[in-house]
Amino acid sequence: MDLDPEDVFKDEEDDPDNEFFQLSQSSKEYVVYLVDASPKMFNTTCPGKDQKDETHFHAAISCIAESLKTQIISRAYDEVTICFFNTREKENLQDLNGVFVFNVAEREHLDRPTARLIKEFEHIEDSFMKEIGSQYGIVPGSRENSLYNALWVAQALLRKGSIKTADKRILLFTNEDDPFGSLQGAAKVDMTRTTLQRAKDAQDLGISIELLPLSRPDEEFNVSIFYADLLGLDGDYLAQFMPSAGQRLEDMKDQLRKRMFTKRIIKRITFHITGGLSIEVNTYALIRPTVPGAITWLDSVTNRPLKIERSLICEDTGALIEEQPKRFQPYKNENVKFSVDEISEIKRISTGHLRLLGFKPLSCLKEYHNLRPSTFVYPSDQEVVGSTCTFIALHRSMLQLKRFAVAFYGSSSHPQLVALVAQEEITRAGGQIEPAGMHMIYLPYSDDVRDDEEIFPDAEDLAPRADEDQIKKASALIKRIDIKDFSVCQFANPALQRHYAVLQALALEEDDIPETIDETLPDEEGLNRPSVAKAIEEFKLSVYGDNYDEENDHLGKGKAAEASRKRKADAAKDYDWADLADNGKLKDLTVAALKTYLNAHNIPVTGKKEALISRILTHMGK
């Protein structure tokens, strides 16, 4: 079998060293939604959409449903389960009273969300009282403790997977701030103690418990009565948590969305500093590209995903080849054979570790070196004790000396140099805006840096320069239309949102496609404000003058463009393109010269030199 270098050395999406493969595997999340189903959740209302009152139970259900719809598209590999407590019926593997795990057919209790799960969950209120029922699970004279049972069931569900490769969370929805308020004496103390111990046991196993409280109209949710002890809140953390207790439904949805899409660990890596000194660090994805999901091929009969298998058949006998084939590479009239293990070793250029090479002044790091979103690096003592102390010492020294670290890092198939830039902690109004750590910037290869002649091919066409008045007017205009606290993360991709809306309507068999808002469109109302309109007119006047005729200007530009095309076509005649192509001498021309041919024949001129030559040869039929 011929050894294809493209096949051996290419970056595959399913490569375990690929960043986005690691993102889906190493940062997988298991979530249990714990929803209080006591009568109080059905009897208490809060303002919902269009200021109409809705029950707290409906608020929790709609909040979870919206979260699942988002998750099934953007975090489809995360696994969830929905668990009600304070119920009349019971449905759980532990057979505990007052706990009902909601699920649909052909799905495990803790599994990826499906369209059927979302569809049936959205209408669960219609049959909840009849099929599941609501009751108070903690009452005087009974030893039943529904909250304890719910935490037990949730902990059992989250035994799946390892905390090293997945985040495990319990999100608790309730409007009861004192679940043991109806009890007195020793019974109350005993149940409170056992419930807090159950929560602590779960947290010791790496499970985080988060509370999303629903406040009553006449009384704010008081987290300090019980849940502060359960969550381990005290001091400043308790004071910061309290204001969020009285939030409305929309605020709660935003809060849940933020908690569901926290920064995820891409990978835990070893950072070799010097000699025998190594520490462990976590890498976080601050910005990720959002693209439509990959195509999944389904069986036409069972509608299940197809599993691809490859079998090799002998060309002479037609029999299946059981023995593992060997690849070969022709070399000097010989076929050099490679086993699968040898090819794997050839591909493994890097171990995947981060290795410190040295330090350079920050002035050496240029803006054009940052070609892709950086990865945030933060220390971890989970595997290597003392990593945080060493990291802090290195971090402080880099800040004081204004240096960045140069290190070698990369997957087995894509090694490269990176710059580690220390970032100070940024706080505002007593809260942390940005944590202290390091940004890992992926430095470009030499081929990634374009030549000046490629960027500005026409040296004879001098770019016009603005005078002082034009710069002043432009600056005033920019200040008028400046968006405060702008972030690209505030705007969703309208094409993707439309794509997801269509998928949602098809999967859930909805009659109408959910409306999507294009947040990238210009704010016409804002641009028509008197102050902005005045700044625009002053800028146009400074650039074009009083006698500017827009229609004639477009005609003039068309004539100028035609003249430019003719000039470039004449420049292309200076070369014998057929002779250069036949003798393989196109590579000896400059990029600017190659572009004269492309411009003369209205062929795209973007890309590297190799791409330009390929287009010329294709056009000539070579």
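None of the values given here were measured: they were computed from a predicted structure. (Residues numbered from 1 in each chain as written. Predicted model: local features only at pLDDT ≥ 70, side-chain atom pairs only at ≥ 80, totals over all residues. Heavy atoms only, no water.)

A short note on the environment of Thr317
For clarity, the threshold we go by: Note on conventions: DSSP H or I runs of at least 4 residues are helices, E runs of at least 2 residues are strands, and numbering of each starts at the N terminus. Polar contacts, as used here, are pairs of N or O atoms within 3.5 Å; protein pairs need one atom able to donate a hydrogen and one able to accept it. Residues neighboring in sequence count only if both atoms are side-chain atoms.
Checked against the element boundaries, Thr317 lands in the loop between β9 (277-285) and β10 (327-331). In terms of polar contacts, Thr317 uses its side chain to reach the backbone amide nitrogen of Ala319, at 3.3 Å.

Details of the confidence of the model for the protein
This is how the line gets drawn: A score between 0 and 100, pLDDT records how confident the predictor is in each residue. We call two residues contacting when some pair of their heavy atoms lies within 4.5 Å.
The predicted model of the protein averages 80 in pLDDT, with 81% of residues at 70 or higher. Throughout residues 1-26 the model reports pLDDT below 50, and contacts reaching past four residues in sequence, or to other chains, amount to 58 contacts. This stretch, residues 244-249, has a pLDDT under 50; its non-local contacts, to residues over four places away or in other chains, come to twelve contacts.

A closer look at the nonpolar core
Applied cut-off: Among buried residues, the Ala, Val, Leu, Ile, Met, Phe, Trp, Tyr and Cys ones that are joined through side-chain atoms within 4.5 Å form a nonpolar core. For each residue, the accessible area found with a 1.4 Å probe, counting protein chains only, is set against the maximum for its type, and the residue is called buried under 20%, exposed over 50%, and partly exposed in between.
Counting 36 residues, the largest nonpolar core has Val32, Leu34, Ile170, Tyr227 and Leu230 as the members making the most contacts within it. Those elements that provide at least two residues to this core are β1 (28-36), β4 (79-85), β5 (99-102), α7 (146-157), β6 (166-174), α8 (185-204), β7 (207-213) and α9 (227-231). If you tally residues by element for this core, the top one is α7, at six residues. For Val32, the residues in contact, after removing those within four places along its chain, are Thr81, Cys83, Ala154, Leu157, Leu158, Arg169, Ile170 and Leu171. In terms of nonpolar packing, the next biggest core, distinct from the first, is built from 32 residues, Ile64, Leu68, Ile82 and Ile124 among them.

Description of the packing of aromatic side chains
Using the following cut-off: Classification of ring pairs rests on two measures: the distance between centres of Phe, Tyr or Trp rings, Trp counted by its six-membered ring, which must be within 6.5 Å, and the angle between planes, read as stacked under 30 degrees, edge-to-face over 60 and tilted in between. Ring-over charges, as used throughout, are those where CZ of Arg or NZ of Lys falls within 6 Å of the ring centre and within 35 degrees of the ring normal.
Counted under the stated rule, the structure contains 15 aromatic pairs. Residues Tyr148 and Trp152 carry aromatic rings whose centres are separated by 6.1 Å and whose planes lie at 75 degrees to one another, so their mutual orientation is edge-to-face. With Tyr148 and Trp152 both in helix α7 and four residues apart, this pair spans about one turn of that helix. Relative to Trp577, the ring of Tyr575 lies with its centre 5.3 Å away and its plane at 50 degrees, an arrangement referred to as tilted. For Trp577, a relative accessible area of 8% corresponds to the buried category. Through a chain of ring-to-ring contacts, three or more aromatic side chains come together here, namely Phe42, Phe57, Phe84, Phe102, Phe121 and Phe128. Here Arg372 stacks its cationic end above the ring of Tyr442, 3.7 Å away from the centre of that ring.

A word on the pattern of salt bridges
Test applied: Here a salt bridge means any side-chain nitrogen of Lys or Arg lying within 4 Å of a carboxyl oxygen belonging to Asp or Glu.
Across all of its chains, the model carries 15 salt bridges by this definition. One salt bridge in this structure joins Arg169 and Glu210, with 3.0 Å as the shortest N-O distance. One end of the pair, Arg169, is in strand β6; the other, Glu210, is in strand β7, and 41 residues separate them in sequence. Here Arg169 matches Glu210 in class, with each residue buried. Between Arg193 and Asp190 there is a salt bridge, with the nearest N and O atoms lying 2.7 Å from each other. Of the two residues, Arg193 and Asp190 are both situated in helix α8; the distance of three residues between them amounts to about one turn of the helix. When its relative accessible area of 24% is taken as the criterion, Asp190 is described as partly exposed. Taken together, the shared-partner salt bridges in this structure form one network comprising Lys28, Glu79, Glu108 and Lys160.

A look at unusual backbone geometry
With phi around 60 degrees, Glu106 is a residue other than glycine that occupies positive phi space. In this fold, Glu106 is placed in the loop between β5 and α5 (115-122). Taking the relative accessible area as the measure of exposure, Glu106 reaches 76% and is therefore exposed.

Considering α7
Definition in use: The length a helix should cover is 1.5 Å for every residue beyond the first.
The terminal C-alpha atoms of α7 lie 16 Å apart, and with twelve residues this matches the ideal 16 Å at 1.5 Å per residue to within 8%. Within α7, eleven of the twelve residues are buried, which leaves it mostly tucked inside the rest of the structure. Those residues of α7 not exposed but buried are Ser146, Leu147, Tyr148, Asn149, Ala150, Leu151, Val153, Ala154, Gln155, Ala156 and Leu157.

Here's the deal with the pairing of β1
We count it as follows: Strand pairing is assigned whenever DSSP identifies at least 2 bridges connecting the two strands.
Buried residues dominate β1, accounting for nine of its nine residues. Side-chain alternation along β1 places Lys28, Tyr30, Val32, Leu34 and Asp36 on one buried face and Glu29, Val31, Tyr33 and Val35 on a second face that is also buried. Sheet topology note: the β1/β6 ladder contains eight bridges and is parallel. Bridge pairing in β6 links Val31 to Arg169. By the bridge criterion, seven bridges tie β1 to β4 in an arrangement that is parallel. Looking at the pairing, Val35 lines up with Phe84 of β4.

Digging into the sheet that holds β6
For clarity, the cut-off: With axes taken as lines fitted to C-alpha atoms, and helix axes fitted only over the stretch in contact, angles between N-to-C directions fall between 0 and 180 degrees.
Read across the sheet, five strands follow the order β5-β4-β1-β6-β7 without closing on themselves; strand pairing throughout is mixed. Only two strands of the sheet have a single partner each, and these edge strands are β5 and β7. Neighbour-to-neighbour, the strand axes of this sheet turn through a mean angle of 25 degrees, independent of strand direction. Strand direction decides the pairing type here: β4 and β5, joined by four bridges, are antiparallel. Bridged to Ile82 within β5 is Phe102.

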